[in-house]
Amino acid sequence: MISWRLRWVCVYLVSLTLTLTSGCRVDKPPQEAAQCFWNAMKVQDVENGRKYATISTRSLIGPSHEQFKGAVVTFGKIIIDGDLTTIDTTVRLPEHGTETTLPLQTILKKEDGEWRVDYAETRKTIKGDESFSEI
């Protein structure tokens, strides 16, 4: 009797584990991946910022990126074209009692089945303030 119950418990636990694990592997939609990237940038979480960036642009993200500290990021129009997504993005930066607004586009590419921010292409889309050309 105990072995029968133990078998069912084991089957249940294995099924539950597989269900939860497969749920964690579900691809994030592009806007969610972009939000995770910008959330990491706002708090200078280099490790997570790199996690949501394309492999080729991870080295561009370092602890010196304080420009985004405390930023408020909002998203607008999203265009998904195959393995490329463009999201109109506005970054509001608090600066010495004033606020700087940076309109840009967050560019995402699909790598290994996951959406990741192409930070190099995203930086190229920054419009306006020349002081942010080095971001």
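Anyway, here's the lowdown on the structure attached to this text. Not measured: the values here are computed from a predicted model.

**Things to note about the overall build of the chain**
Link 1 in the chain: Across its full length, the chain holds 4 helices and 4 strands.
Link 2 in the chain: When the elements of the chain are put in sequence order from the N terminus, they spell out α-α-α-β-β-β-β-α.
Link 3 in the chain: Within the chain, buried positions represent 30% of all 135 residues.
Link 4 in the chain: Excluding contacts between residues fewer than 6 apart, the proportion of contacts in the chain whose partners are at least 24 apart in sequence is 47%.
Link 5 in the chain: Accessible surface computed for the chain: about 8700 Å², of which carbon and sulfur atoms make up 56%.

**Quick notes on the nonpolar core**
Link 1 in the chain: Counting 22 residues, the largest nonpolar core has Phe 37, Trp 38, Met 41, Ile 61, Phe 68, Val 91 and Leu 108 as its most contacted members.
Link 2 in the chain: Broken down by secondary-structure element, the contributors of at least two residues to this core are helix H2 (30–42), strand E2 (84–95), strand E3 (98–111) and strand E4 (114–117).
Link 3 in the chain: For this core, the element with the highest residue contribution is H2, accounting for 5 residues.
Link 4 in the chain: Beyond its immediate stretch of four places on either side in the chain, Trp 38 contacts Phe 68, Val 73, Phe 75, Thr 89, Val 91, Leu 104, Thr 106 and Thr 122.

**Some words on unusual backbone geometry**
Link 1 in the chain: Of note, the phi angle at Gln 44 is positive, near 55 degrees, even though the residue is not glycine.
Link 2 in the chain: In this structure, Asp 112 takes a positive phi of about 50 degrees despite not being glycine.
Link 3 in the chain: Structurally, Asp 112 is set in the loop between E3 and E4.

**What to know about the side chain of Thr 106**
Link 1 in the chain: Relative to the assigned elements, Thr 106 resides in strand E3.
Link 2 in the chain: Side-chain polar atoms of Thr 106 contact the side chain of Thr 89, separated by 2.7 Å.
Link 3 in the chain: Excluding its chain neighbours within four sequence positions, the residues that come into contact with Thr 106 are Ala 34, Trp 38, Phe 75, Thr 85, Thr 86, Ile 87, Thr 89, Val 117 and Thr 122.

**Structural notes on the environment of Leu 104**
Link 1 in the chain: Relative to the assigned elements, Leu 104 resides in strand E3.
Link 2 in the chain: The exposure class assigned to Leu 104 is buried, which follows from its relative accessible area of 3%.
Link 3 in the chain: Considering only alpha carbons, one finds Leu 104 and Thr 90, 14 residues apart in sequence, at a separation of 6.2 Å.

**Points about the sheet that holds E4**
Link 1 in the chain: The 4 strands lie next to each other as E1-E2-E3-E4, forming an open sheet whose pairing is antiparallel. The open sheet has two edge strands with one neighbour each: strand E1 (72–81) and E4. Shown here is a sheet whose adjacent strand axes are inclined to one another by a mean of 25 degrees, direction ignored.
Link 2 in the chain: Pairing between E3 and E4: 4 bridges, direction antiparallel. Directly across from Leu 108, in E4, lies its bridge partner Val 117.
Link 3 in the chain: Contacts between H2 and the sheet are confined to E1, E2, E3 and E4, with E1 contributing the most and set at about 150 degrees to the helix.

Criteria and cut-off values
- Here the residue numbers are simple positions, counted from 1 along each chain's written sequence.
- In view of the model being predicted, local features appear only for residues whose pLDDT reaches at least 70, and side-chain atom pairs are presented and counted only at 80 or more, with totals across whole chains, interfaces and linings using the full set of residues.
- Heavy atoms from the whole structure form the basis of all side-chain values; hydrogens and water molecules are not counted.
- Strands are runs of DSSP state E lasting at least two residues, helices are runs of H or I lasting at least four, and both sets are numbered from the N terminus onward.
- Burial here depends on accessible area, computed with a 1.4 Å probe over protein chains only, as a share of the maximum for the residue type. Under 20% is buried, over 50% is exposed, and the range in between is partly exposed.
- Whether two residues touch is decided by their heavy atoms; if any such pair falls within 4.5 Å, the residues are in contact.
- Accessible areas in this description were obtained via Shrake-Rupley with a 1.4 Å probe; residue shielding takes into account the shown protein chains only.
- For this analysis, a nonpolar core means a set of buried residues of the types Ala, Val, Leu, Ile, Met, Phe, Trp, Tyr and Cys, connected via side-chain atoms within 4.5 Å.
- Distance and chemistry together define a polar contact, namely a pair of N or O atoms within 3.5 Å, with one atom able to donate a hydrogen and the other to accept it when in protein, and with adjacent residues in sequence counting only for side-chain atoms on both sides.
- Each pair of strands is called paired provided DSSP finds at least two bridges between the two strands.
- The convention used is that axes are lines fitted to C-alpha atoms, helices contributing only their stretch in contact, and that angles between N-to-C directions extend from 0 to 180 degrees.

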